[in-house]
Amino acid sequence: MSINVSLGALSLRNPTILASGILGTTASSLIRVYKSGAGAVVSKSISINPNEGYKTPVLIDLGYGYINSMGLPNPGLDEMIVEFKVVKSKKVKLFGSIFASDIDEFKYLASKLTDYVDALELNLSCPTKMGVGLEIGKIPWMVEETTREVYKKSKVPVIVKLPPLVTLIDELTLAAEDGGASAVTLTNTAKAMKIDVFSKKPILQGVYGGLSGKALKPLSLACVFKAYEVLSIPIIGCGGIYSWEDAVEYILAGAKAIQIGSAIVSEGLGIFKKICIGIKKYLEENNIDKINDLVGLAHRR
Amino acid sequence: MSINVSLGALSLRNPTILASGILGTTASSLIRVYKSGAGAVVSKSISINPNEGYKTPVLIDLGYGYINSMGLPNPGLDEMIVEFKVVKSKKVKLFGSIFASDIDEFKYLASKLTDYVDALELNLSCPTKMGVGLEIGKIPWMVEETTREVYKKSKVPVIVKLPPLVTLIDELTLAAEDGGASAVTLTNTAKAMKIDVFSKKPILQGVYGGLSGKALKPLSLACVFKAYEVLSIPIIGCGGIYSWEDAVEYILAGAKAIQIGSAIVSEGLGIFKKICIGIKKYLEENNIDKINDLVGLAHRR
Amino acid sequence: MIVSQKPIEIVNILTHSNRIKTFYLKLKDRIRVAPGQFMMVWIPDAEEIPISISYFNGSTMGLTIAAVGETTRQIHKLKIHDSLYVRGPYGNGFKIPRGINKIWIIGGGYGIAPLLLLAKKASSMNVKVISFLGARNKDELLFYDQFKLLGEVFASTDDGSEGFHGDVTTLVEKYLSVSKTDLMYACGPEDMIVKLIKLACNHNLNLQASLERLIKCGIGLCGSCCLDPLGLRVCRDGPVFPLKILVKLNELGCYYRSPSGVKVKLSD
Amino acid sequence: MIVSQKPIEIVNILTHSNRIKTFYLKLKDRIRVAPGQFMMVWIPDAEEIPISISYFNGSTMGLTIAAVGETTRQIHKLKIHDSLYVRGPYGNGFKIPRGINKIWIIGGGYGIAPLLLLAKKASSMNVKVISFLGARNKDELLFYDQFKLLGEVFASTDDGSEGFHGDVTTLVEKYLSVSKTDLMYACGPEDMIVKLIKLACNHNLNLQASLERLIKCGIGLCGSCCLDPLGLRVCRDGPVFPLKILVKLNELGCYYRSPSGVKVKLSD
Ligand SMILES: Cc1cc2nc3c(=O)[nH]c(=O)nc-3n(C[C@H](O)[C@H](O)[C@H](O)COP(=O)(O)OP(=O)(O)OC[C@H]3O[C@@H](n4cnc5c(N)ncnc54)[C@H](O)[C@@H]3O)c2cc1C
Ligand SMILES: Cc1cc2nc3c(=O)[nH]c(=O)nc-3n(C[C@H](O)[C@H](O)[C@H](O)COP(=O)(O)OP(=O)(O)OC[C@H]3O[C@@H](n4cnc5c(N)ncnc54)[C@H](O)[C@@H]3O)c2cc1C
Ligand SMILES: Cc1cc2nc3c(=O)[nH]c(=O)nc-3n(C[C@H](O)[C@H](O)[C@H](O)COP(=O)(O)O)c2cc1C
Ligand SMILES: Cc1cc2nc3c(=O)[nH]c(=O)nc-3n(C[C@H](O)[C@H](O)[C@H](O)COP(=O)(O)O)c2cc1C
Ligand code: FES
Ligand code: FES
């Protein structure tokens, strides 16, 4: 029973992937997560120049999920390349996530990073920064154009990460496909907020944050299910995956691989291995040979 | 200390309202909820003809919210008018919620119901039925046109209920305002789903359902906050309100009144009174005279 | 409380008749059950339906199900080691007030099933239990022997195959001429309940009765099980109601609501 | 565990010096605290920062805070009955292995504060505690008298106003020529920790030390507190690390990461 999967030209030892922005700024952290069992790791989203992100508080724990407004902190392209070289020297399957405020920046980032990563993930869906995330990711033609320009500059597969806009997700994912994406990651966090009734102010300095974790799962899963009906390229599911059951739900909905973020808090870094074991057992019990045969089964009528 | 509020021409004895579809098909149930303390009650969404809705299971309890696919069951216009007459005979503040598959139907419903209700609420946001909810509510011009036509037929204020599409909510609410809405209700449930890994099928017969309760709150609150920055008409907050703190968060974000649905399960029908008491105490402790002075305070910088 | 639909293994099946079976489930979650509460029961490709709990010992739960339609017939096809999806328990359950010495338990059809847990509880509280069980035939006098272990039992069958040949309410009425009780508990067809309400009023007896209406959500949210004229919910405020409420429920015996909410007349 | 930012009333404030205060909070939630764990502390319009727990009795929590920058200065302006927003406790805390008889506790500056809980716990386990406390001046020898009640205390101050005039590590080094210990526990400035690691290696002693790095999320999610070359998180895998880990942390004493993740050299 093997649980390796291929996403187009990319092949992974297993379908569990560390989601972007989770423990992903330093080489040592990315290597640690890969060693703990992930099939691949995605870096923190990178910009050309260093970015401090928002001031704390940047995280609200709701008990059933998190709202974060990290604001995409990262040390910038040059420093990240230094880290990536270390990561690649350890034969880690690495996706480089990038964000930018215009297409030229995206092109520049792609052309610089393409030599150091196994795939590029375009973050077109960050709900906290103006003009660099959702502002692109909610408009199909912008998704398509951005994807296409990055695709032209990239020697490695391009993955497009989109927001959990269930009602628009078919158009958005088709736009990514048309632009040349090898896969889509569904989804990033949902735009959300919380207000402190005592000070009468939003808690997060950036006002809005991104909802992740358990609360996000029903939305992201619906996105995967809906996108699977129109797409030809593979889908990577992401949002509130805490257990093998959650992972299998995404696979049945149409995902070929899955990303894990928030669950690391409660489940620890052992989650990658635990989910792989659970999926293996499930495949065995259901007499299914490989993950591929499970993908999208929930669409049968 | 009074906590009555006015939504344009409508005045309510308090800002708590029973959300549509919650216990709202029969006169006796609506009267009971009003007597238990709600400032107003919204009926189940009504169509011209009787509608059975989806077969069970129609509800998934996530522990931190619900996914429902009732599918808008209702006994149809004529039967509902019979019930509404009973409700109005008890001097209950009643909003009639309506849904339809085209503008002519909406116009017909509005013209027939306008004599029996204190306001009409247009449900342009049901995530489970094709062609009657989200399909309109995600497109600004359709929201505007539908609102305008209903507005023309209605003698009572028209409230437009929209989906939790945070990224589009400013355009959608402005469209409702331009169409003649007296208020907007933000928000309905979010399109969501769950798959049973054992049978490998979506649990809900309608595949998709609507996410409500705690998990919805961060999204709905962000909608209210964002819409408040562009709107002139009042906002009614809705989504995951379980306590007076939740209610105050919505008011600080910009809501003048709030609707309660899912919380009835865990908090019981006493929730309307409990929230009113909490808001009163909060106003006192903060030396604020009336709810109006609290509306939108979280926008101060 | 099991909040969400999840499959639970069937460890035993008791076949009472060709129409009624009891399914025993082994629960992993620790839950508490009051007599009269119900579970929402589902299997994929069928509907989710309310079924009262007829047995519970802390880890094994019994659900006694009459095959009356599509879903219940599907469930009847299940074998040991298959699974039922359940969530619950929901509803309020029967109450045994302090100071009660003697109760009558009146069950009709599969309505007998949930009363067994009640009889056991009353018995354990040293309350004297007299049971009146009515069914189509001897086989459907559910848990007949178990009721006998807990006190005196009077049976009635439609076909006369056991006990009184006729209606269980007639049996109760007859017995009323020789004895009295502190409190009657009833579960069964609506016309039986309606007759018992009248009987209780006429003889100045107290009564708790379990009612049925269309249950969709099971948790008091959707309103499909509301009763006129008080707007009470069978799934949440019930299924068990005391006499002082029962007498006010003017829709009882007259009509119920269809899945759309349209009133449907009860022909009788 | 208090999961989300929420205001907790300050019931007492202890002013140690013009730079350091201890704030006592009355908690309503029941939580458990291990010595060495920290809270994320916030007040509106300022930042949320990690602060170790210096006192805990089940319902009252003490947080000892040095005013070193914008947020800590804001917090210092608070009065009794004002509130601090806290979430936590987070991190792993110090471990007292079985069979340990004698420990040395070495604190520098506000790093003394979290060690008081540790000294109390060790003492209650009949472990002999010897404390080495270093501070700028006598006033900042935090909880000096309380440490004395728990065992022998050696003090050092930068200005010589109490005890040894100089560095606390020098004090420890001197004492090492006359005595030994099973285990050293340390909290304080990074250069102090680095010196103690060397000392521990040279004298074949064991050591647990609490480290500081930029904490943003506090729960092991964002990666801003990761240490090279193992990718360990101060907020989750730490803040306390054992010697066998400490010796591998080649960034210690050399650099830390800025809010963007850029390496910043530690000049020393
Ligand atoms: C609180 C409560 C407890 C119950 N306990 C038991 C029990 O212990 N054992 C048992 O055999 N039956 C019990 N029932 C009845 C049982 O739920 C119905 O027999 C079952 O739903 C019929 O499903 P079906 O698809 O097989 O039949 P259908 O073909 O759907 O219908 C057969 C009959 O059942 C009624 N019914 C259908 N669906 C529902 C529903 N969701 N809620 C209520 N009535 C419905 C219909 O109106 C019809 O009269 C209980 C009902 C309620 C409300
Ligand atoms: C696990 C841990 C426990 C701590 N316990 C205590 C304690 O018990 N008492 C105490 O007084 N201080 C403690 N600190 C240090 C305290 O968090 C910083 O002094 C505080 O964050 C400074 O905030 P500021 O805005 O006042 O200063 P700033 O002006 O922001 O900075 C002053 C200094 O603090 C550092 N700093 C700023 N923000 C953080 C942050 N989020 N995490 C780590 N360092 C930061 C800066 O790099 C700078 O060197 C602890 C730190 C950590 C990591
Ligand atoms: C603290 C934090 C930081 C994140 N940073 C990024 C980021 O830099 N780039 C990105 O594409 N997504 C980022 N995300 C989104 C995650 O990659 C993921 O899409 C989302 O959290 C949903 O998955 P989860 O529910 O498993 O956490 C971040 C999420 C969190 C919680
Ligand atoms: C069981 C159920 C039925 C609902 N039916 C309707 C409906 O008929 N019309 C409508 O506009 N909204 C309907 N809703 C949405 C609610 O009115 C409300 O907008 C939503 O549940 C969010 O609020 P809550 O989190 O307080 O439940 C329904 C929600 C639930 C849970
Ligand atoms: S079944 Fe939904 S309220 Fe009773
Ligand atoms: S502060 Fe976020 S991982 Fe440690």
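*Asks:* So what's going on with the overall build of chain C? Which residues, and what values?
*Replies:* Along chain C, the regular secondary structure elements total six helices and 17 strands. Its C-alpha atoms give chain C a radius of gyration of 18 Å, within 12% of the compact-globule value 18 Å for 268 residues. Residues classed as buried in chain C amount to 59% of the 268 residues present. Across chain C, every contact between residues at least 6 apart in sequence was considered, and the portion connecting residues at least 24 apart equals 61%. Total accessible area on chain C is roughly 11,100 Å²; 50% of this is exposed by carbon and sulfur atoms. With 33 positive and 24 negative side-chain charges, chain C shows a spacing of 7 Å between the two charge centroids.

*Asks:* Describe the site of ligand 3, listing the residues and the values that go with them.
*Replies:* The full set close to ligand 3 counts 24 residues, and Ser20, Ser45, Lys161, Gly240 and Ser262 of chain A are the nearest of them. Positioned at a junction of chains, ligand 3 has nearby residues supplied by chains A and D. Interatomic distance of 3.0 Å between a side-chain N/O atom of asparagine 123 of chain A and an oxygen atom of ligand 3. In the environment of ligand 3, an oxygen atom lies 3.3 Å from a nitrogen or oxygen atom belonging to the backbone of threonine 187 of chain A.

*Asks:* I'd like a description of the site of ligand 4, backed by residues and values.
*Replies:* Residue and element names in this part refer to chain B. If you check the shell around ligand 4, you find 24 residues, and the closest are Ser20, Ser45, Lys161, Gly240 and Ser262. Within the backbone of serine 20, a nitrogen or oxygen atom sits 2.7 Å from an oxygen atom of ligand 4. One of the side-chain nitrogen or oxygen atoms of asparagine 123 is found 3.0 Å away from an oxygen atom of ligand 4.

*Asks:* Residue-level account of the arrangement of the chains, with values.
*Replies:* No other pair of the three pairs of chains in contact has as many contacts as chains A and B. The two units chain A and chain C are non-contacting; their minimal C-alpha-C-alpha distance is 10 Å. The closest approach of any C-alpha atom in chain B to one in chain D is 10 Å; the two make no contact.

*Asks:* With reference to specific residues and values, describe the domain arrangement of chain C.
*Replies:* Residue and element names in this part refer to chain C. The domains assigned to chain C are domain 1 (2-90), domain 2 (94-207) and domain 3 (211-268). Measuring from the centre of the C-alpha atoms in domain 2 to the corresponding centre in domain 3 gives 22 Å. Counting residues at the interface gives twelve residues for domain 2, matched by 14 residues for domain 3. When domain 2 packs against domain 3, the two sides together hide about 930 Å² of surface, and 66% of this comes from carbon and sulfur. Contact with domain 3 buries area across many residues of domain 2, yet Glu190, Ile197 and Leu207 alone supply 48% of it, more than any other trio. Across the domain 2-domain 3 interface, the total number found is one salt bridge.

*Asks:* Let's hear about the nonpolar core: which residues, and what values?
*Replies:* Counting residues in hydrophobic clusters, the biggest one holds 326 residues, and the most contacted among them are Val160 of chain A, Val160 of chain B, Ile106 of chain C together with Ile106 of chain D. When near neighbours in sequence (up to four residues on either side) are disregarded, valine 160 of chain B contacts Leu122, Leu124, Val143, Thr147, Ala176, Ala181, Ala183, Val184 and Thr185 of chain B.

Criteria and cut-off values
Residues numbered from 1 in each chain as written. Chains lettered and ligands numbered in written order. Predicted model: local features only at pLDDT ≥ 70, side-chain atom pairs only at ≥ 80, totals over all residues. Heavy atoms only, no water. Helix = DSSP H or I, 4+ residues; strand = E, 2+ residues; numbered from the N terminus. Rg over C-alpha atoms; globule rule 2.2 N^0.38 Å. Buried < 20%, exposed > 50% of the residue type's maximum accessible area, 1.4 Å probe, protein only. Contact = heavy atoms within 4.5 Å. Areas by Shrake-Rupley, 256 points an atom, 1.4 Å probe, with all protein chains shown as cover. Lys, Arg positive; Asp, Glu negative; His and termini not counted. Charge placed at Lys NZ, Arg CZ, Asp CG, Glu CD. Near = heavy atom within 4 Å. Polar contact = N/O pair within 3.5 Å; in protein donor to acceptor, adjacent residues only side chain to side chain. Domains from an automatic or database assignment. Buried area = accessible area lost by both parts, 1.4 Å probe. Salt bridge = Lys/Arg side-chain N within 4 Å of Asp/Glu carboxyl O. Core = buried A, V, L, I, M, F, W, Y, C linked by side-chain atoms within 4.5 Å.

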